Structures are given as C-alpha cells and as structure tokens.
Amino acid sequence: MGISIAIVLIIMLLLLLAGFPMIASFTFGALGMIFALNPNLNMMFLVQQDIAGVSTFTLVAIPMFILAADIMSYGMTANHLVDFIKAFCGHLYGGLAITVAGACTVFGAISGSGNATVVAIGKPLRSRMISSGYDAQNTDALICSSATIATLIPPSINMIMYCVLTNASVGEMFIAGIIPGIICFLFFSVYNYIYARKHDISRSERVDWPGRWKVFKKSILALGFPVLIVGGIYSGIFTPTEAAAASVIYAMICEMLIYRTVKIRDLFSITESSGIMTSAIFILIGLGQGFSWVLGYFDIPTAVTEIALKHISTPLGMAILISVAFWIACMLMDQIVAMILLVPLVFPMATAMGMDPIYVGVLVCLQSAIGFITPPFGSNIFVACAAFKRSYVDIIKGLPPYLIILLIISVIYIVFPDLALIYR
C-alpha cells in the first residue's frame, strides 16, 4: 500500500513539474489510488465528494469578495488608498516604498488576493518608484512581497479555505490575521527606510495637516471597506458570508454612485473576470475535496499522523513541521491546492497535540505568504512578470531580503505561539 501511494504522489508531482494543470494532477491522484488500492470502489462516491467540495455555504464568500475587489480595482479605490498613505509617509526616507507597502496592505483588506494586489497597486506605482530613484529589482520585489500580506489580512481567501477544511471560525481567523499582516508591513517599511537612507533616495515634500485632511476626506470611503469587513464580523453584525455580500454592495455604491468610475455596462466585463477566477478556484476546491476524501477513505491521514507522532512529541516540533511542509508545498503549487492537500494531513496531528486551530491557521497562512514569492513557482512572481513585462530572473533577484524578513516573522510565531491568539 505504501509503495503504491508513494508512486501515485510522485507521478502527481511530475505532472505538475511537466506543466500539466492542477486538474490533471488531482484527477490522476484520486483515480490512481482507487485503481491501485480498491478498483471495485464505486466512482459515484468520488463524484459526490467533488460536488460536496463546492457545496459548503462558507465558500459563497469567495466569489463575492473577488467581485468586490474587481469593482474597486476597476474604479478609483486603489488610487485613493495610495494618495492617503503617501500624504502621511511620503516625506520619510523610503516614503514612497512605505506607501506601496501600506497600499498593498490596505488593498489586501479589500481583495483578499495577493495576485490582484500586485496588479492593482503595482502597475500604477512601479513607475513612480523607479523615477524617484528606486532600483527596479527592489521595486518589483517590494510589490510582490507586500502583496502577500493579502494572505493574512482579512478577507483572505486562503483563510476562508482553511476554515472550510477544518471547521475553524472564519471570524476568529480573520481577526487573528490582522497582527501578523501589520507586522509584515512594519518590517518591510523599516527595511525600505534603511534602504532609502543608504542609497540617498529623494523624498517628497511633507504634506501639511490641511492637505492630509483633504486627502483623508477623498479616501474615507476606501478606508471604510476594511472597517466594514473586520468591524462588522468582530462586532457580530455580519457573518463572514454576509460581510462579503455587504462588500459587493459597498463597492458598487462607492464606484458607481459616488466616484462614478464604473458604469452599468462595465459590470459585464467585471463580473466575467470575477466569474473566470471563481470558476478556476472552485474547480480546484471540488477536485481537491475528492482527492482528500480518497486519502481519508484509505486512512492515509491516520497512518501519517501515527508515524509523525512517533518522531514529533512537542507542539514546537509540530509547528516547525507544518511551517516547512507548507512553505515547500506553496513554492511548488497554488496555495489553495497546497492547503487542500496538506491540511487534512497535518491538522489532526496538530490538534492531537493540543495546538489551537487558529494558531495552526496563522502558521499555514504565513507559509502561504512566503510561498507566494519563493522560486521556482511562487505565483506572485509570474503575475509580476506579466504585469510589469519583466523577465523571471529580473523579478526574483530582489526577493531574498523580503524572504528573509518573512522567515524571521515565521520564526517569531513558531517560538511565541500566543502572539497569534493575543486578540482573545
């Protein structure tokens, strides 16, 4: 049995490395294990599990958050966020870089998607940074890295997926992600402050308080978006799914009635884009659920758990195992796919040791953030290549400092697990 499973998993990985879509890998994995271990199993069970994978009510939040982000990306929200943060940080050393990191953080609280943040914030700000004296490699790396904060800041799609897989509280997961997201932003800001001083990069003039107030008034609706989501969920006014629906309405009111940058006819192309992204995600979720069911049917998670528990006896060791496993997985494949594959394996082990599900989720999402910018297959790298028309090598050259920063933050959370639960 063990040899058959190993062969199937190796072939799945080879399919991915050969460029086959994840759909092919999941399909082969599920069918391969069935044919190898129980060829008489009724395939209707697998089909039912694929359907069940996208039938969870919590998943309704994903397409609505994607749609809200697409509406705001099409309109003026991103520009207003940039203007607001620049008014307060632009005069500092590295002020423009801090503005980019801050705008990515706040936009992450709108989109929940790192890839969308690269495009929405990176495209309008990259040229500004380079013309101000920033190196193109550091600029690209900053945008790619800051966009990963969307994985941690609510309404992170990765967090929603984790909660679907583990039945953890989406509301608690959202609140727990705020602090690590802010820590990432602060670390990136400090690094770029030092970088700008060292390279004597020019600063913009300080904006006086009347000017800041003027910018704030223009930006207040954009800043109200994360307040709506986080405040609504934390106060109990909204469930996460209701907050997603409210975010779409809020985005439409802002962009169509107040800013008037989105017309009714624009909604067709916007919803088409959202639908395509949602379809791709849901196909992966459905097939991933089927594959996870096959793993459970043949009791593979239990076997892996028993083996791991023989060699890992402490929560610290389990936290290290989770971090390393997810980091490697997320640098090789889509983060949601990695979660579907690994969460059913590591979550039972973690809870058996008494680890809090929310803390485990923070670790998983931190590794997803690192995986976004880790070669060879970090997805933000490829999005940046397409958006900025830069080569793969040019994009990855500036990433090491940001990878080191994220790894340091990850180590902090491994050593001090209570930091993830400080909101309680």
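Residues numbered from 1 in each chain as written. Predicted model: local features only at pLDDT ≥ 70, side-chain atom pairs only at ≥ 80, totals over all residues. Heavy atoms only, no water.

A.B. asks: How should I be thinking about the overall build of the chain in this particular structure?
C.D. replies: Summing up its helical and strand segments, the chain has 20 helices and zero strands in all. Its C-alpha radius of gyration of 22 Å places the chain within 12% of the 22 Å reference for a compact globule of 424 residues. For the chain, the spread of C-alpha atoms along the three principal axes comes to 70 × 50 × 45 Å. Residues classed as buried in the chain amount to 55% of the 424 residues present. Expressed as a percentage of contacts within the chain between residues at least 6 apart in sequence, the contacts between residues at least 24 apart total 78%. As displayed, the chain offers around 17,800 Å² of accessible surface, 69% of which is attributable to carbon and sulfur atoms. (Helix = DSSP H or I, 4+ residues; strand = E, 2+ residues; numbered from the N terminus. Rg over C-alpha atoms; globule rule 2.2 N^0.38 Å. Buried < 20%, exposed > 50% of the residue type's maximum accessible area, 1.4 Å probe, protein only. Contact = heavy atoms within 4.5 Å. Areas by Shrake-Rupley, 256 points an atom, 1.4 Å probe, with all protein chains shown as cover.)

A.B. asks: What is the right way to read the nonpolar core from this model?
C.D. replies: Counting 150 residues, the largest nonpolar core has Ile62, Tyr162, Ile285 and Ile322 as the members making the most contacts within it. Per-element tally for this core: the top contributor is helix H16 (residues 335-352), with 13 residues. Apart from the residues lying within four places of it in its own chain, the contact partners of Ile322 are Val346, Ala350, Met355, Val360, Leu363 and Val364. (Core = buried A, V, L, I, M, F, W, Y, C linked by side-chain atoms within 4.5 Å.)

A.B. asks: When you look at the side chain of Asp70 in this model, what are you seeing that I'm missing?
C.D. replies: Looking at where Asp70 falls in the secondary structure, it is placed in helix H4 (residues 61-74). Setting aside its immediate chain neighbours within four residues, Asp70 contacts Ile270, Ser273 and Ser274.

A.B. asks: Which parts of the structure should I look at to understand helix H12 (residues 240-258)?
C.D. replies: Note that an α-helix has 3.6 residues per turn; residues three or four places apart therefore point the same way. Here H12 contains 19 residues, and its C-alpha end-to-end distance of 25 Å stays within 8% of the 27 Å for a straight helix at 1.5 Å per residue. Along H12, the positions that sit buried rather than exposed are Pro240, Thr241, Ala243, Ala244, Ala246, Ser247, Val248, Tyr250, Ala251, Cys254, Glu255 and Met256. Remark: Arg260 follows H12 within two positions and exhibits a positive phi of approximately 55°. (Expected span 1.5 Å × (residues − 1).)

A.B. asks: Is there a simple way to think about the packing of aromatic side chains in this case?
C.D. replies: Remark: the centre distance and the inter-plane angle together describe each pair of aromatic rings, the angle taken between the planes. Evaluated as defined, the whole model comprises nine aromatic pairs. One aromatic cluster in this structure is built from Phe84, Phe88, Trp209, Trp213 and Phe216. It is Arg212 that lies over the ring of Trp209; its NZ or CZ is 4.6 Å from the centre. (Phe/Tyr/Trp six-rings, centres within 6.5 Å; stacked < 30°, edge-to-face > 60°. Lys NZ or Arg CZ within 6 Å of the ring centre and 35° of its normal.)

A.B. asks: Before we go on, may I ask you to explain the confidence of the model for the chain in this structure?
C.D. replies: For any part of a model where pLDDT is low, the fine detail of the predicted coordinates should not be relied upon. Here the chain shows a mean pLDDT of 82. Residues at 70 or above account for 94%. Between the elements of the chain, mean pLDDT differs from a low of 66, seen in helix H14 (residues 300-311), to a high of 93, seen in helix H20 (residues 400-415). (pLDDT = per-residue confidence, 0-100.)

A.B. asks: It is not clear to me how helix H10 (residues 170-199) should be interpreted in this structure. Could you clarify?
C.D. replies: For H10, with 30 residues, the first-to-last C-alpha span of 43 Å sits near the 44 Å given by 1.5 Å per residue. Sitting at the head of H10, Ser169 places a side-chain oxygen 3.5 Å from the backbone nitrogen of Gly171. A positive phi of about 50° marks Asp200, the residue just after H10. (Polar contact = N/O pair within 3.5 Å; in protein donor to acceptor, adjacent residues only side chain to side chain.)

A.B. asks: What is the right way to look at the environment of Ile10 in this model?
C.D. replies: One can find Ile10 in helix H1 (residues 2-17). Residue classification places Ile10 among the exposed positions, given a relative accessible area of 52%. Sequence separation of Ile10 and Gly29 is 19 residues, and the distance between their C-alpha atoms is 9.6 Å.

A.B. asks: Quick question: what am I supposed to make of unusual backbone geometry here?
C.D. replies: Peptide bonds are, in most cases, trans, and in most cases residues other than glycine have a negative phi. The phi torsion at Asn167 lies on the positive side, around 65°, for a residue other than glycine. Relative to the helices and strands, Asn167 is located in the loop between helix H9 (157-166) and H10. The phi dihedral of Asp200 falls on the positive side, at around 50°, and the residue is not glycine. Secondary-structure assignment places Asp200 in the loop between H10 and helix H11 (209-235). According to the relative accessible area criterion, Asp200 is exposed, its value standing at 61%.

A.B. asks: What exactly am I supposed to notice about the packing of helix H3 (residues 44-53) against helix H13 (residues 266-297) here?
C.D. replies: Each packed pair of helices is defined by two parameters, the angle between the axes and the distance between the axes. The contact between H3 and H13 brings their axes to 7 Å, and the two run at 130°. Here H3 lies oblique to H13, going by the angle between them. At the point where H3 passes H13, the crossing takes the right-handed sense. Of H13, the residues touching H3 (which contributes Phe45, Leu46, Gln49, Asp50 and Gly53) are Ile285, Gly286, Leu287, Gln289, Gly290, Trp293 and Val294. The residue makeup of the contact of H3 with H13, split by class, is six nonpolar, five polar and one charged. (Axes fitted to C-alpha atoms, helices over the stretch in contact; angles between N-to-C directions. Parallel < 35°, antiparallel > 145°, perpendicular 65-115°, else oblique. Left-handed = near helix turned anticlockwise from the far one by under 90°. Nonpolar A, V, L, I, M, F, W, Y, C, P; charged D, E, K, R; others polar.)

A.B. asks: I'm lost on the pattern of salt bridges in this one. Help?
C.D. replies: Should their charged atoms come close, side chains of opposite charge can pair. For the structure shown, the criterion picks out three salt bridges. The residue Arg390 makes a salt bridge to Asp140 at a minimum N-O spacing of 2.9 Å. Of this pair, Arg390 sits in the loop between helix H18 (379-388) and helix H19 (392-397) while Asp140 sits in helix H8 (residues 136-147), placing them 250 residues apart in sequence. Residue Asp140 is classed as buried on the basis of its relative accessible area, which comes to 0%. Where Arg390 meets Asp394, a salt bridge forms, and the shortest distance between an N and an O atom there is 4.0 Å. Salt bridges sharing common partners tie together Arg126, Asp140, Arg390 and Asp394. (Salt bridge = Lys/Arg side-chain N within 4 Å of Asp/Glu carboxyl O.)

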